[in-house]
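What follows is the residue order along each chain.
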Amino acid sequence: MEQLAEAELYFVCGSQHLYGPQALGRVEEDAVEVVRSLNAPGRLPLPLRFAGVLTSSAEIRSRLAEIGRDPRCAGVVVWMHTFSPSKMWIAGLSSLSKPLCHLHTQYNRDLPWSEIDMDFMNLNQSAHGDREAGYLQARMGIRRKVVVGHHADPEVAERLAAWARAARAWHDWQGARFARFGDNMRQVAVTEGDKVAAELRFGFSVDGFGVGDLAERVRAAPPSEVAALVEEYLASYDAAAELLPGGRSHPALIESARIELGLRGFLRDNGCKGFTDTFEDLTGLGQLPGLPAQRLMADGYGFGGEGDWKAAALVRALKVMGLGLPGGSSFMEDYTYHLAPQSHLVLGAHMLEVCPSLASHRPRMEIHPLAIGGKDDPVRLVFSAGTGPAVNVSLIDLGHRFRMLAAAVDLQELPPMPKLPVARALWSCRPDFKTATAAWIYAGGSHHTALSRAVGPEVIEDFAEIFGVELLPIDQETRLPQFRQLLRQGEAYYGLAQGLRG
Ligand code: MN
C-alpha cells in the first residue's frame, strides 16, 4: 500500500513488588507466553511486542513515555497478571499518547481444583487486578477497548485484531496529509467542514493545491511512461473498442494515463495519502480523473469527489484497516433506489470514481460523456461490486463536533444494466430499508460514504472510540425510537465531554 508506515503494538504487564522476585519472574514468563500466543500467525494483523512487567510508578511513567515517543507504536495493550495498585499508573496513563486496549485475561485457563492453594491465588489475580486498573481508567476517563477472555480463545484474538486494525488506521492518520484540488462543490453543505478541528481531533491535515500545478505535471508526463501505462491499462482491463490503439477515443485513454502519472507524482512528492477533486475546477485538465482516481484508490489512496476531504480521509482509513483482508473499500454515494414492495434496495455509484477493489469481475474501460463539468469525455472502469456483508461509513462535521455513522449493509447481485456507464454496487439495509434510511437521515449522514467489504462494524466502533468521536451504528438491532433517543443523548454527552476535556 502507498505511503504506509511500519507499525506495531506494545504489550505491558502490570504487577507490584509485594510478591518477591520469584513470583515476578513467573509473571514475566507468563506475560511473554501470552504475547507469543497472540503473535501466532493469523491472530493479529500487527506484531505485538512485549514491553515488560511494570511494578512501580517510576517504571510505569518512564516506560509509557518511551512507548509514546516510538513512532512505530500504534497502540498499547495492558494486562494486570497480578494486582498492580492503580495509583502507580496515574502519571504514566496521564501522558499516554497511544490508543489503549485493556486485555482482561488470565494466564491459567482451568482452576486446578485439587491443587489450588494461596500461591496459585496470588499469582492468578487478574480477576481483581484488572478491576483495579479498570477503576482508574474509568476515573481518568481514558478511552480504551476492553477485551475479555482467555488468551488462547479465538474470540479474544478477533476482538484484539479488530482494535489493532483501528489502531493502525489511527497511526496512519497521525501526520497524514490529504490534498484538495479545488474547493468543495459550490453550495454543498455536507462536504464542508472545519479542517482545523479535524486536524486537532484526528491528526491529519487537509491542504489545498492549485489545479494548475497538477495540470503542469500532467502536461510534463514523459511520453515513454505514458505509453507504458497505456500498455498496463490494456493488459489489466477489458476495453471498449473505441479505446483500443487506432480507436477513435484512444487519445482519451492516453490523456487518462497522463493524468494518472501527474496525480501519482504530485501525491508522492507532496507526501499525500489521498486527494479530492471537483468537476467545477478542472482548469488545465482535459477530463475529470475517472480511471486515475479509481486506480489510485486501488493502490490505497483515499479519494473524495466534489472536494469531500472527510470522505477521502475515511476511504484511506478503511483501506488501512482492511489491509490483507479480502473485499476492498471504496468511495461511494447513495445514488438511487429500487422501491419494489418486497425488496427495497440502494444502488450505489458515483459519477466515475468507485474503487475496483470492490469488483466481482474484471473491470472494463469505457468512455462516455459526463453531463457536468464541460470537459472532454472521461475514461472510467465499469464493473459490478461483489456480494456479501459490508459497512457504509460516513463522517460528518456538525459544526461543534464530528459524528460517524456505520451502517451494516448486504451487497446484492446486480442485474445487468447495459446502459449504465459507471461502476456500481447494490445493497439491502439492516434492519430494513426504511428504518436504516430514516436513521441515517435523522443523524445527518452524508450521501458520500466509504464502503468496505473488508472491514466489519467493530473496527469502525473501535476507531471512533480511539478519537472520542460519536459513532452511531445502524444494524440489525436499530430501532428508530431508541436511535432518536441516542441522538439526543449524544448531543448532551459529547457536548459535555468535549467541554470538559477540550
Ligand atoms: Mn458526489
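Report on the accompanying structure.

Conventions we followed
Residues numbered from 1 in each chain as written. Predicted model: local features only at pLDDT ≥ 70, side-chain atom pairs only at ≥ 80, totals over all residues. Heavy atoms only, no water. Salt bridge = Lys/Arg side-chain N within 4 Å of Asp/Glu carboxyl O. Helix = DSSP H or I, 4+ residues; strand = E, 2+ residues; numbered from the N terminus. Buried < 20%, exposed > 50% of the residue type's maximum accessible area, 1.4 Å probe, protein only. Donors = N, O, S within 2.8 Å, 3.2 Å for Na, K, Ca; no water. Phe/Tyr/Trp six-rings, centres within 6.5 Å; stacked < 30°, edge-to-face > 60°. Contact = heavy atoms within 4.5 Å. Pairing = 2+ DSSP bridges. Axes fitted to C-alpha atoms, helices over the stretch in contact; angles between N-to-C directions. Expected span 1.5 Å × (residues − 1). Arc of directions from axis to C-beta. Core = buried A, V, L, I, M, F, W, Y, C linked by side-chain atoms within 4.5 Å. Parallel < 35°, antiparallel > 145°, perpendicular 65-115°, else oblique. Left-handed = near helix turned anticlockwise from the far one by under 90°. Nonpolar A, V, L, I, M, F, W, Y, C, P; charged D, E, K, R; others polar.

On inspection of all chains with the given rule, the structure shows 31 salt bridges. Two residues, Glu458 and Arg159, come together in a salt bridge whose shortest N-O distance is 2.6 Å. With Glu458 in helix H14 (residues 457-467) and Arg159 in helix H6 (residues 154-173), this residue pair connects regions lying 299 residues apart in the sequence. Given the relative accessible area of 23%, Glu458 is considered partly exposed. Among the salt bridges present, the one from Arg264 reaches Asp299, with a minimum N-O distance of 2.6 Å.

Now for the coordination of the manganese ion. Around the manganese ion, the protein supplies Glu306 (OE), Glu333 (OE), His350 (NE2) and His448 (NE2) as donor atoms, at distances of 2.0 to 2.2 Å. We note that the donor set of the manganese ion lies within a single chain, spaced as E-x26-E-x16-H-x97-H. You can see Glu306 sitting in the loop between strand S10 (302-304) and helix H12 (309-321) and its partner His448 sitting in strand S18 (residues 448-452), a full 142 residues away along the chain. His448 carries the same exposure label as Glu306, and that label is buried.

A word on the packing of aromatic side chains. Going through the model one piece at a time under the given rule, you end up with 18 aromatic pairs. Here Trp173 and Phe467 contribute two aromatic rings whose centre-to-centre distance is 5.5 Å and whose plane-to-plane angle is 45°, an arrangement assigned as tilted. A residue pair is termed long-range when its members are at least 10 positions apart, and Trp173 in helix H6 and Phe467 in helix H14 qualify at 294 residues. As far as burial versus exposure is concerned, Trp173 and Phe467 are alike and both buried.

A word on the environment of Leu486. For Leu486, the location among the structural elements is in helix H15 (residues 480-501). Classification of Leu486 by relative accessible area gives partly exposed; the value is 39%. Spatially, the C-alpha atoms of Leu486 and Gly302 are 30 Å apart, while their sequence positions differ by 184 residues. Among residues more than four places away in sequence, those in contact with Leu486 are Glu470 and Leu472.

Right, let's talk about the sheet that holds strand S7 (residues 205-209) for a bit. If you walk across this open sheet you meet the four strands as S7-S6-S9-S10, and the pairing is parallel. Among the strands making up the open sheet, the edge pair consists of S7 and S10. In this sheet, neighbouring strand axes are inclined to one another by 20° on average, regardless of whether the strands run parallel or antiparallel.

With 15 residues, helix H5 (residues 126-140) extends 20 Å between its outermost C-alpha atoms, agreeing within 8% with the 21 Å of an ideal straight helix rising 1.5 Å per residue. Taken together, the buried positions of H5 are occupied by Ser126, Gly129, Asp130, Ala133, Gly134, Leu136 and Gln137. All buried residues of H5 lie within an arc of 165° about the axis, which places them on one face of the element. Exposed positions of H5 whose direction lies more than 90 degrees from the buried face are Arg131 and Arg139.

The subject of this paragraph is the pairing of strand S5 (residues 144-148). Looking along a regular strand, one sees the side chains alternate between the two faces of the sheet. By the alternation rule, side chains of S5 split into Lys145 and Val147, which are all buried, and Arg144, Val146 and Val148, of which none is buried. In terms of strand pairing, strand S4 (residues 100-104) meets S5 through five bridges, oriented parallel. Within the sheet, the bridge partner assigned to Cys101 lies in S5 and is Lys145.

Turning next to the sheet that holds strand S2 (residues 48-54). Taking strand neighbours across the sheet as the criterion, the five strands line up as S2-S1-S3-S4-S5 in an open arrangement whose pairing is parallel. A strand with exactly one partner marks an edge of an open sheet, and here the two such strands are S2 and S5. Within this sheet the neighbouring strands show an average axis-to-axis angle of 25°, counted without direction. In the packing of H5 onto the sheet, contacts are made with strand S3 (73-80), S4 and S5, and the angle to S4 comes to roughly 155°.

Once that is clear, we can look at unusual backbone geometry. As a rule of thumb, non-glycine residues mostly have phi less than zero, and peptide bonds are mostly trans rather than cis. Omega for the peptide link from Arg430 to Pro431 comes to 0°, which places this bond in the cis form. On the secondary structure map, Pro431 appears in the loop between strand S17 (424-429) and helix H13 (433-443). Of note in this structure, Gln187 is not a glycine but carries a positive phi near 75°. Along the polypeptide, Gln187 turns up in the loop between strand S6 (177-181) and helix H7 (195-202). A positive phi angle is found at Glu306, which is not glycine, with a value near 55°.

A few words now on the side chain of Ser249. Along the chain, the position of Ser249 falls in the loop between strand S8 (238-239) and helix H10 (250-269). With residues up to four places along the chain from it excluded, the contact list for Ser249 reads Glu242, Leu243 and Ile367.

The subject of this paragraph is the nonpolar core. Formed by 92 residues in total, the largest nonpolar core has its most connected members in Phe11, Leu160, Trp173, Phe202, Phe204, Met404 and Ile460. Ranked by the residues each element gives to this core, the list is headed by H6, at eleven residues. Leave out the neighbours within four places in its chain, and Met404 touches Phe202, Val393, Ser394, Leu395, Ile460, Phe463, Ala464, Val469, Glu470, Leu471 and Leu472. Counting residues in each nonpolar core, the second largest holds 42 residues, with Ala252, Ala385, Trp427 and Phe483 among its members.

A few words on the pairing of strand S19 (residues 470-474). With respect to burial, S19 is a largely interior element, four of its five residues being buried. Bridge count between strand S16 (residues 402-411) and S19: five bridges; the pairing is parallel. Each bridged residue has a counterpart across the sheet, and for Leu405 the counterpart in S19 is Leu472.

Here H6 crosses H14 at 50°, and the two axes come no closer than 8 Å. Classified by the angle between their axes, H6 and H14 sit oblique to one another. Like other packed secondary-structure pairs, H6 and H14 cross with a definite hand, here right-handed. Taken together, the residues of H14 that come into contact with H6 (itself represented by Arg159, Ala162, Trp163, Arg165, Ala166, Ala167, Ala169, Trp170 and Trp173) are Glu458, Val459, Asp462, Phe463, Ile466 and Phe467. Split into classes, the residues belonging to the contact of H6 with H14 amount to eleven nonpolar, no polar and four charged.

Fair warning: the whole summary comes from geometry, so function is off the table for now.
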